[in-house]
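Fold and geometry: a report
Chain residues, written in single-letter form:
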There are 2 protein chains.
Amino acid sequence: MSEVLNKLLEENQKYSDSFGNKADLPTSPVKKIAILTCMDSRLDPSKFAGLAEGDAHVIRNAGGRVSEDAIRSFVISYKLLGTNEWFVIHHTGCGMESFTDDVMSGLLKKSLKTATYTESGWEDNNEGPGSDAGDSIDWLTISHTEQSVIDDVNTIKNHPLVPDDIVVHGLLLDVKTGKLKQII
Amino acid sequence: MSEVLNKLLEENQKYSDSFGNKADLPTSPVKKIAILTCMDSRLDPSKFAGLAEGDAHVIRNAGGRVSEDAIRSFVISYKLLGTNEWFVIHHTGCGMESFTDDVMSGLLKKSLKTATYTESGWEDNNEGPGSDAGDSIDWLTISHTEQSVIDDVNTIKNHPLVPDDIVVHGLLLDVKTGKLKQII
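Every value quoted in this text rests on a predicted model; they were computed, and no experiment measured them.

Cut-offs and rules
Counting from 1, residues in each chain are numbered in the order their sequence is written. Chains and ligands are labelled by the order in which they are written, letters from A for the one and numbers from 1 for the other. Residues qualify for local features only when their pLDDT is at least 70, as the model is predicted, and side-chain atom pairs are given and counted only at 80 or more; totals for whole chains, interfaces and linings, by contrast, use all residues. Only hydrogens and water are set aside when side-chain values are computed; all heavy atoms of the structure are taken into account. Least squares is the method used to superpose the copies, on C-alpha atoms of residues holding a pLDDT of at least 70 in both. Note on contacts: a residue pair qualifies if any of its non-hydrogen atoms lie within 4.5 Å across the two residues. The buried area of a pairing is the accessible area, by a 1.4 Å probe, that goes missing from both parts when the two are put together, added over both. Here, a salt bridge means any side-chain nitrogen of Lys or Arg that lies within 4 Å of a carboxyl oxygen of Asp or Glu. Helix and strand definitions follow DSSP, with helices as H or I runs of at least four residues and strands as E runs of at least two, each counted in order from the N terminus. Side-chain classes follow a simple rule in which Ala, Val, Leu, Ile, Met, Phe, Trp, Tyr, Cys and Pro form the nonpolar group, Asp, Glu, Lys and Arg form the charged group, and the remainder, Gly included, forms the polar group. By this rule the span expected of a helix is its residue count minus one, scaled by 1.5 Å. Burial status follows relative accessibility: with a 1.4 Å probe on protein chains alone, a residue under 20% of its type maximum counts as buried, one over 50% as exposed, and anything between as partly exposed. Centre distance within 6.5 Å is the pairing criterion for rings of Phe, Tyr and Trp, where only the six-membered ring of Trp is used; planes under 30 degrees apart are then read as stacked, over 60 as edge-to-face, and the remainder as tilted. Along the arc lie the directions from the helix axis toward the C-beta atoms.

1. Side note on the relation of the copies chain A and chain B
Rotating chain A by 180° and translating it 0.0 Å along the rotation axis places it on chain B, where the RMSD comes to 0.0 Å. Overall, the copies show the geometry of a two-fold rotation axis. The C-alpha atom lying nearest the rotation axis in chain A is that of A:Arg60; the distance is 2.3 Å. By residue overlap, the copies meet face to face through one surface: 100% of the interface positions of chain A are interface positions in chain B.

2. Thoughts on the interface of chain A and chain B
Accessible area lost on assembly of the parts is the figure often given for the size of an interface. Taken together, the contact between chain A and chain B spans 88 residues of the former and 88 residues of the latter. Of the roughly 7500 Å² buried between chain A and chain B, counting both surfaces, carbon and sulfur atoms make up 63%. Considering only the surface of chain A that becomes buried against chain B, A:Met39, A:Arg72 and A:Lys79 emerge as the three largest contributors, covering 10% of it. Our enumeration of links across chain A and chain B arrives at four salt bridges. Linking A:Glu53 and B:Lys47 is a salt bridge whose minimum nitrogen-to-oxygen distance equals 3.6 Å. The dominant element in the side of chain A that touches chain B, judged by the number of residues it contributes, is helix α1 (residues 3-17) of chain A, at nine residues. In the side of chain A that touches chain B, the residues fall into 45 nonpolar, 24 polar and 19 charged.

3. Notes on helix α3 (residues 68-79) of chain B
Between the first and last C-alpha of α3(B) there are 16 Å, a value that for twelve residues agrees with the 16 Å anticipated at 1.5 Å per step. Taken across its twelve residues, α3(B) has eleven buried, putting it largely inside the fold.

4. Details of the pattern of salt bridges
Using the criterion set out here, one finds 24 salt bridges over all chains in the structure. Linking A:Glu53 and A:Lys22 is a salt bridge whose minimum nitrogen-to-oxygen distance equals 3.2 Å. One end of the pair, A:Glu53, is in the loop between α2 (45-48) and β2 (56-61); the other, A:Lys22, is in the loop between α1 and β1 (33-38), and 31 residues separate them in sequence. Residue class for A:Glu53 comes out buried when judged on its relative accessible area of 12%. Salt-bridge contacts for B:Lys7 lead to B:Glu11; the nearest nitrogen and oxygen are separated by 3.5 Å. Of the two residues, B:Lys7 and B:Glu11 both sit in helix α1 (residues 3-17), four residues apart, roughly one turn of that helix. Classification of B:Lys7 as partly exposed rests on a relative accessible area of 41%.

5. Quick notes on the packing of aromatic side chains
Evaluated as defined, the whole model comprises eight aromatic pairs over all chains. Taken together, the ring pairs in this structure connect A:Phe74, A:Tyr78 and A:Trp86 into an aromatic cluster.

6. Focus on helix α5 (residues 145-157) of chain B
Residues and elements named next belong to chain B. With 13 residues, α5 extends 19 Å between its outermost C-alpha atoms, agreeing within 8% with the 18 Å of an ideal straight helix rising 1.5 Å per residue. Along α5, the residues classified as buried are Thr145, Ser148, Val149, Asp152, Val153 and Ile156. Looking straight down α5, one finds that the buried residues subtend no more than 130° of arc, so they occupy a single side. Taken together, the buried residues of α5 touch α3, β3 (85-91) and β6 (167-174).

By themselves, these are just geometric observations and shouldn't be taken as functional.
Here you go:
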(Lines give C-alpha, C1' and ligand atoms only; values in the text may rest on other atoms or scores of the structure.)
Protein backbone atom coordinates (compact mmCIF):
# COMPACT_ATOMS: atom_id res chain seq x y z
CA MET A 1 0.00 0.00 0.00
CA SER A 2 1.12 3.55 -0.72
CA GLU A 3 2.81 5.30 2.21
CA VAL A 4 1.14 8.56 1.20
CA LEU A 5 -2.30 6.91 1.19
CA ASN A 6 -1.58 5.28 4.58
CA LYS A 7 -0.64 8.62 6.09
CA LEU A 8 -3.73 10.31 4.64
CA LEU A 9 -5.98 7.55 6.05
CA GLU A 10 -4.30 7.90 9.46
CA GLU A 11 -5.03 11.63 9.46
CA ASN A 12 -8.59 10.88 8.36
CA GLN A 13 -9.04 8.41 11.25
CA LYS A 14 -8.23 11.21 13.72
CA TYR A 15 -10.72 13.49 11.95
CA SER A 16 -13.42 10.84 12.02
CA ASP A 17 -12.75 10.07 15.70
CA SER A 18 -13.59 13.68 16.62
CA PHE A 19 -16.37 14.15 14.05
CA GLY A 20 -18.89 15.31 16.67
CA ASN A 21 -22.35 16.27 15.47
CA LYS A 22 -21.37 17.09 11.90
CA ALA A 23 -23.51 14.19 10.65
CA ASP A 24 -26.43 16.60 11.04
CA LEU A 25 -25.13 19.33 8.71
CA PRO A 26 -27.66 20.39 6.05
CA THR A 27 -26.90 19.62 2.38
CA SER A 28 -27.50 23.25 1.36
CA PRO A 29 -24.75 25.73 2.29
CA VAL A 30 -25.67 27.60 5.50
CA LYS A 31 -24.16 30.92 4.28
CA LYS A 32 -25.78 30.49 0.82
CA ILE A 33 -22.45 31.25 -0.85
CA ALA A 34 -20.23 29.55 -3.42
CA ILE A 35 -16.52 30.31 -3.82
CA LEU A 36 -14.44 29.61 -6.92
CA THR A 37 -10.70 29.73 -6.34
CA CYS A 38 -7.39 28.24 -7.48
CA MET A 39 -6.20 24.69 -6.63
CA ASP A 40 -2.90 26.26 -5.40
CA SER A 41 -1.56 24.37 -2.37
CA ARG A 42 -0.93 27.61 -0.46
CA LEU A 43 -4.65 28.47 -0.46
CA ASP A 44 -7.09 27.14 2.12
CA PRO A 45 -10.50 28.76 1.51
CA SER A 46 -11.91 27.59 4.85
CA LYS A 47 -9.09 29.48 6.58
CA PHE A 48 -8.74 32.58 4.40
CA ALA A 49 -12.52 33.12 4.21
CA GLY A 50 -13.41 31.88 7.71
CA LEU A 51 -15.65 29.00 6.67
CA ALA A 52 -16.85 26.10 8.79
CA GLU A 53 -18.03 22.80 7.37
CA GLY A 54 -21.56 23.37 6.08
CA ASP A 55 -21.06 27.05 5.19
CA ALA A 56 -20.24 27.24 1.47
CA HIS A 57 -19.73 25.42 -1.80
CA VAL A 58 -16.07 25.53 -2.79
CA ILE A 59 -15.11 25.07 -6.45
CA ARG A 60 -11.40 24.89 -7.31
CA ASN A 61 -9.35 24.42 -10.46
CA ALA A 62 -6.05 25.59 -11.95
CA GLY A 63 -6.28 29.38 -11.71
CA GLY A 64 -9.78 29.56 -10.21
CA ARG A 65 -10.99 30.21 -13.76
CA VAL A 66 -14.62 30.27 -14.93
CA SER A 67 -14.41 27.18 -17.14
CA GLU A 68 -17.52 25.44 -18.48
CA ASP A 69 -17.12 23.02 -15.58
CA ALA A 70 -17.12 25.87 -13.07
CA ILE A 71 -20.37 27.13 -14.63
CA ARG A 72 -21.82 23.59 -14.32
CA SER A 73 -20.94 23.61 -10.62
CA PHE A 74 -22.26 27.15 -9.98
CA VAL A 75 -25.58 26.38 -11.70
CA ILE A 76 -26.06 23.22 -9.63
CA SER A 77 -25.11 25.27 -6.57
CA TYR A 78 -27.99 27.78 -6.93
CA LYS A 79 -30.56 25.80 -8.91
CA LEU A 80 -30.63 22.82 -6.56
CA LEU A 81 -29.00 24.11 -3.36
CA GLY A 82 -29.96 27.77 -3.19
CA THR A 83 -26.70 29.75 -3.12
CA ASN A 84 -27.21 33.36 -4.22
CA GLU A 85 -23.86 35.09 -3.69
CA TRP A 86 -20.71 33.93 -5.45
CA PHE A 87 -17.02 34.78 -5.12
CA VAL A 88 -14.32 34.46 -7.80
CA ILE A 89 -10.98 34.56 -5.98
CA HIS A 90 -7.68 34.53 -7.90
CA HIS A 91 -4.30 35.10 -6.23
CA THR A 92 -0.93 36.77 -6.64
CA GLY A 93 1.99 34.61 -7.79
CA CYS A 94 -0.30 32.23 -9.66
CA GLY A 95 1.45 29.60 -11.82
CA MET A 96 -1.14 30.29 -14.54
CA GLU A 97 0.73 33.54 -15.28
CA SER A 98 3.97 31.66 -16.06
CA PHE A 99 3.03 30.08 -19.39
CA THR A 100 0.86 30.25 -22.50
CA ASP A 101 -1.11 27.59 -24.39
CA ASP A 102 1.78 27.28 -26.86
CA VAL A 103 4.33 26.76 -24.08
CA MET A 104 2.21 24.03 -22.46
CA SER A 105 1.57 22.27 -25.78
CA GLY A 106 5.29 22.32 -26.51
CA LEU A 107 6.26 20.93 -23.10
CA LEU A 108 3.74 18.08 -23.40
CA LYS A 109 4.93 17.22 -26.92
CA LYS A 110 8.49 16.92 -25.56
CA SER A 111 7.65 14.55 -22.69
CA LEU A 112 4.99 13.65 -20.12
CA LYS A 113 7.40 14.28 -17.24
CA THR A 114 7.65 17.31 -14.99
CA ALA A 115 9.28 20.41 -16.53
CA THR A 116 11.66 22.85 -14.81
CA TYR A 117 11.17 26.58 -14.36
CA THR A 118 14.29 28.57 -15.26
CA GLU A 119 15.15 32.23 -15.70
CA SER A 120 14.14 31.98 -19.33
CA GLY A 121 10.85 30.21 -18.60
CA TRP A 122 9.72 26.58 -18.60
CA GLU A 123 12.15 23.97 -19.94
CA ASP A 124 11.71 20.25 -20.50
CA ASN A 125 14.96 18.32 -20.66
CA ASN A 126 13.31 14.93 -20.15
CA GLU A 127 13.31 12.07 -22.63
CA GLY A 128 9.97 11.47 -24.38
CA PRO A 129 7.57 10.15 -25.38
CA GLY A 130 5.32 13.18 -25.30
CA SER A 131 1.79 13.72 -26.60
CA ASP A 132 0.06 16.25 -28.85
CA ALA A 133 -3.21 15.83 -26.90
CA GLY A 134 -2.46 19.14 -25.18
CA ASP A 135 -3.01 21.06 -28.43
CA SER A 136 -6.80 20.89 -28.16
CA ILE A 137 -6.98 22.09 -24.54
CA ASP A 138 -7.65 25.70 -23.56
CA TRP A 139 -5.32 25.94 -20.56
CA LEU A 140 -7.04 29.13 -19.32
CA THR A 141 -3.76 30.87 -18.56
CA ILE A 142 -3.66 34.33 -17.00
CA SER A 143 -1.93 37.30 -18.66
CA HIS A 144 -3.09 40.02 -16.25
CA THR A 145 -3.91 39.15 -12.63
CA GLU A 146 -6.69 41.65 -11.88
CA GLN A 147 -8.16 41.58 -15.40
CA SER A 148 -8.63 37.79 -15.18
CA VAL A 149 -10.84 38.31 -12.12
CA ILE A 150 -12.92 40.94 -13.92
CA ASP A 151 -13.20 38.79 -17.07
CA ASP A 152 -14.31 35.75 -15.09
CA VAL A 153 -16.93 37.67 -13.08
CA ASN A 154 -18.32 39.06 -16.34
CA THR A 155 -18.40 35.60 -17.93
CA ILE A 156 -20.56 34.42 -15.03
CA LYS A 157 -22.86 37.47 -15.10
CA ASN A 158 -23.42 37.14 -18.86
CA HIS A 159 -24.11 33.40 -18.83
CA PRO A 160 -27.67 32.51 -19.96
CA LEU A 161 -28.16 30.10 -17.03
CA VAL A 162 -27.22 32.63 -14.32
CA PRO A 163 -30.15 34.72 -12.99
CA ASP A 164 -29.67 38.48 -12.66
CA ASP A 165 -30.20 38.46 -8.90
CA ILE A 166 -27.12 36.37 -8.12
CA VAL A 167 -24.49 38.67 -6.59
CA VAL A 168 -20.98 37.99 -7.96
CA HIS A 169 -17.84 39.37 -6.32
CA GLY A 170 -14.30 39.26 -7.71
CA LEU A 171 -11.35 39.27 -5.29
CA LEU A 172 -7.60 38.77 -5.29
CA LEU A 173 -5.70 36.99 -2.50
CA ASP A 174 -2.13 38.12 -1.76
CA VAL A 175 -0.20 34.90 -1.03
CA LYS A 176 2.48 36.90 0.80
CA THR A 177 0.05 38.36 3.36
CA GLY A 178 -3.07 36.17 3.16
CA LYS A 179 -5.10 39.32 2.54
CA LEU A 180 -8.08 39.55 0.18
CA LYS A 181 -8.70 42.64 -1.95
CA GLN A 182 -11.96 43.35 -3.74
CA ILE A 183 -11.43 43.84 -7.49
CA ILE A 184 -15.01 44.00 -8.77
CA MET B 1 -21.62 46.89 0.20
CA SER B 2 -22.82 43.34 0.65
CA GLU B 3 -23.12 42.18 4.27
CA VAL B 4 -21.89 38.72 3.26
CA LEU B 5 -18.80 40.22 1.59
CA ASN B 6 -18.16 42.44 4.64
CA LYS B 7 -18.29 39.45 6.96
CA LEU B 8 -15.97 37.43 4.71
CA LEU B 9 -13.46 40.30 4.58
CA GLU B 10 -13.61 40.61 8.38
CA GLU B 11 -12.80 36.91 8.75
CA ASN B 12 -10.01 37.34 6.21
CA GLN B 13 -8.53 40.24 8.18
CA LYS B 14 -8.17 37.97 11.23
CA TYR B 15 -6.52 35.33 9.03
CA SER B 16 -4.10 37.83 7.55
CA ASP B 17 -3.29 39.27 10.99
CA SER B 18 -2.01 35.86 12.11
CA PHE B 19 -0.49 34.83 8.76
CA GLY B 20 2.91 34.07 10.31
CA ASN B 21 5.64 32.77 8.01
CA LYS B 22 3.32 31.39 5.34
CA ALA B 23 4.68 33.94 2.85
CA ASP B 24 7.61 31.52 2.45
CA LEU B 25 5.57 28.48 1.36
CA PRO B 26 6.85 26.87 -1.86
CA THR B 27 4.65 27.02 -4.97
CA SER B 28 4.94 23.24 -5.50
CA PRO B 29 2.89 21.07 -3.13
CA VAL B 30 5.09 19.75 -0.28
CA LYS B 31 3.34 16.35 -0.18
CA LYS B 32 3.41 16.09 -4.00
CA ILE B 33 -0.28 15.18 -4.04
CA ALA B 34 -3.40 16.47 -5.77
CA ILE B 35 -6.92 15.80 -4.50
CA LEU B 36 -10.11 16.03 -6.57
CA THR B 37 -13.29 16.15 -4.53
CA CYS B 38 -16.83 17.54 -4.48
CA MET B 39 -17.71 21.21 -3.88
CA ASP B 40 -20.18 20.02 -1.17
CA SER B 41 -20.26 22.44 1.76
CA ARG B 42 -19.94 19.62 4.30
CA LEU B 43 -16.52 18.65 2.96
CA ASP B 44 -13.28 20.30 4.06
CA PRO B 45 -10.35 18.47 2.43
CA SER B 46 -7.75 20.16 4.65
CA LYS B 47 -9.58 18.73 7.67
CA PHE B 48 -10.67 15.31 6.41
CA ALA B 49 -7.26 14.58 4.83
CA GLY B 50 -5.08 16.38 7.39
CA LEU B 51 -3.56 18.97 5.04
CA ALA B 52 -1.72 22.16 5.97
CA GLU B 53 -1.31 25.12 3.64
CA GLY B 54 1.40 24.18 1.15
CA ASP B 55 0.73 20.42 1.19
CA ALA B 56 -1.52 19.61 -1.78
CA HIS B 57 -3.36 20.84 -4.82
CA VAL B 58 -7.11 20.70 -4.24
CA ILE B 59 -9.48 20.55 -7.21
CA ARG B 60 -13.22 20.70 -6.53
CA ASN B 61 -16.38 20.69 -8.62
CA ALA B 62 -19.96 19.40 -8.43
CA GLY B 63 -19.50 15.70 -7.64
CA GLY B 64 -15.70 15.67 -7.67
CA ARG B 65 -15.98 14.36 -11.24
CA VAL B 66 -13.15 13.96 -13.74
CA SER B 67 -14.34 16.61 -16.18
CA GLU B 68 -12.08 17.97 -18.94
CA ASP B 69 -11.38 20.88 -16.61
CA ALA B 70 -10.26 18.51 -13.83
CA ILE B 71 -7.87 16.88 -16.34
CA ARG B 72 -6.54 20.36 -17.25
CA SER B 73 -5.86 21.02 -13.57
CA PHE B 74 -4.28 17.60 -12.91
CA VAL B 75 -1.94 17.92 -15.92
CA ILE B 76 -0.80 21.40 -14.80
CA SER B 77 -0.36 19.94 -11.30
CA TYR B 78 2.23 17.31 -12.34
CA LYS B 79 3.70 18.82 -15.52
CA LEU B 80 4.60 22.15 -13.95
CA LEU B 81 4.43 21.52 -10.20
CA GLY B 82 5.52 17.90 -9.78
CA THR B 83 2.65 16.09 -8.05
CA ASN B 84 2.80 12.32 -8.62
CA GLU B 85 0.03 10.85 -6.48
CA TRP B 86 -3.61 11.80 -7.00
CA PHE B 87 -6.83 11.16 -5.09
CA VAL B 88 -10.39 11.11 -6.46
CA ILE B 89 -12.71 11.45 -3.47
CA HIS B 90 -16.50 11.27 -3.88
CA HIS B 91 -18.89 11.12 -0.91
CA THR B 92 -22.09 9.53 0.36
CA GLY B 93 -25.30 11.56 0.12
CA CYS B 94 -24.05 13.50 -2.90
CA GLY B 95 -26.60 15.77 -4.60
CA MET B 96 -25.33 14.52 -7.97
CA GLU B 97 -27.20 11.26 -7.30
CA SER B 98 -30.54 13.09 -7.03
CA PHE B 99 -31.07 14.03 -10.69
CA THR B 100 -30.34 13.23 -14.33
CA ASP B 101 -29.39 15.44 -17.28
CA ASP B 102 -33.03 15.42 -18.40
CA VAL B 103 -34.27 16.51 -14.99
CA MET B 104 -31.78 19.40 -14.85
CA SER B 105 -32.60 20.53 -18.40
CA GLY B 106 -36.29 20.49 -17.56
CA LEU B 107 -35.86 22.48 -14.35
CA LEU B 108 -33.78 25.14 -16.12
CA LYS B 109 -36.32 25.42 -18.96
CA LYS B 110 -39.04 26.07 -16.36
CA SER B 111 -37.21 28.88 -14.54
CA LEU B 112 -33.78 30.12 -13.46
CA LYS B 113 -34.80 30.09 -9.80
CA THR B 114 -34.01 27.52 -7.12
CA ALA B 115 -36.02 24.27 -7.32
CA THR B 116 -37.40 22.25 -4.40
CA TYR B 117 -36.64 18.65 -3.52
CA THR B 118 -39.78 16.65 -2.72
CA GLU B 119 -40.61 13.00 -2.12
CA SER B 120 -41.15 12.58 -5.84
CA GLY B 121 -37.91 14.33 -6.81
CA TRP B 122 -37.00 17.86 -7.91
CA GLU B 123 -39.87 20.27 -8.60
CA ASP B 124 -39.82 23.80 -9.94
CA ASN B 125 -42.94 25.80 -9.12
CA ASN B 126 -41.35 29.17 -9.91
CA GLU B 127 -42.45 31.55 -12.63
CA GLY B 128 -40.11 31.71 -15.66
CA PRO B 129 -38.37 32.73 -17.77
CA GLY B 130 -36.15 29.69 -18.05
CA SER B 131 -33.45 28.79 -20.56
CA ASP B 132 -32.67 25.86 -22.81
CA ALA B 133 -28.92 26.49 -22.45
CA GLY B 134 -28.78 23.56 -20.02
CA ASP B 135 -29.52 21.08 -22.84
CA SER B 136 -25.95 21.15 -24.14
CA ILE B 137 -24.29 20.59 -20.75
CA ASP B 138 -23.15 17.18 -19.50
CA TRP B 139 -24.07 17.56 -15.82
CA LEU B 140 -21.87 14.58 -14.83
CA THR B 141 -24.52 13.14 -12.54
CA ILE B 142 -23.85 10.01 -10.48
CA SER B 143 -26.00 6.87 -10.76
CA HIS B 144 -23.87 4.57 -8.58
CA THR B 145 -21.68 6.02 -5.81
CA GLU B 146 -18.74 3.59 -5.81
CA GLN B 147 -18.81 2.99 -9.58
CA SER B 148 -18.43 6.74 -10.23
CA VAL B 149 -15.17 6.69 -8.28
CA ILE B 150 -13.88 3.70 -10.28
CA ASP B 151 -14.97 5.25 -13.59
CA ASP B 152 -13.26 8.55 -12.78
CA VAL B 153 -10.00 6.91 -11.69
CA ASN B 154 -9.97 4.93 -14.94
CA THR B 155 -10.67 8.05 -17.00
CA ILE B 156 -7.57 9.64 -15.49
CA LYS B 157 -5.39 6.55 -15.92
CA ASN B 158 -6.40 6.18 -19.58
CA HIS B 159 -5.89 9.83 -20.47
CA PRO B 160 -3.14 10.38 -23.09
CA LEU B 161 -1.60 13.26 -21.08
CA VAL B 162 -1.28 11.28 -17.83
CA PRO B 163 2.02 9.35 -17.44
CA ASP B 164 1.85 5.71 -16.28
CA ASP B 165 3.85 6.36 -13.12
CA ILE B 166 1.27 8.69 -11.56
CA VAL B 167 -0.45 6.78 -8.72
CA VAL B 168 -4.23 7.36 -8.67
CA HIS B 169 -6.39 6.40 -5.69
CA GLY B 170 -10.19 6.39 -5.53
CA LEU B 171 -11.92 6.92 -2.17
CA LEU B 172 -15.36 7.54 -0.75
CA LEU B 173 -16.06 9.86 2.21
CA ASP B 174 -18.97 9.01 4.50
CA VAL B 175 -20.57 12.37 5.37
CA LYS B 176 -22.23 10.84 8.44
CA THR B 177 -18.91 9.76 10.03
CA GLY B 178 -16.21 11.76 8.21
CA LYS B 179 -14.48 8.49 7.39
CA LEU B 180 -12.69 7.72 4.11
CA LYS B 181 -12.88 4.28 2.51
CA GLN B 182 -10.59 3.17 -0.30
CA ILE B 183 -12.56 2.03 -3.37
CA ILE B 184 -9.79 1.51 -5.93
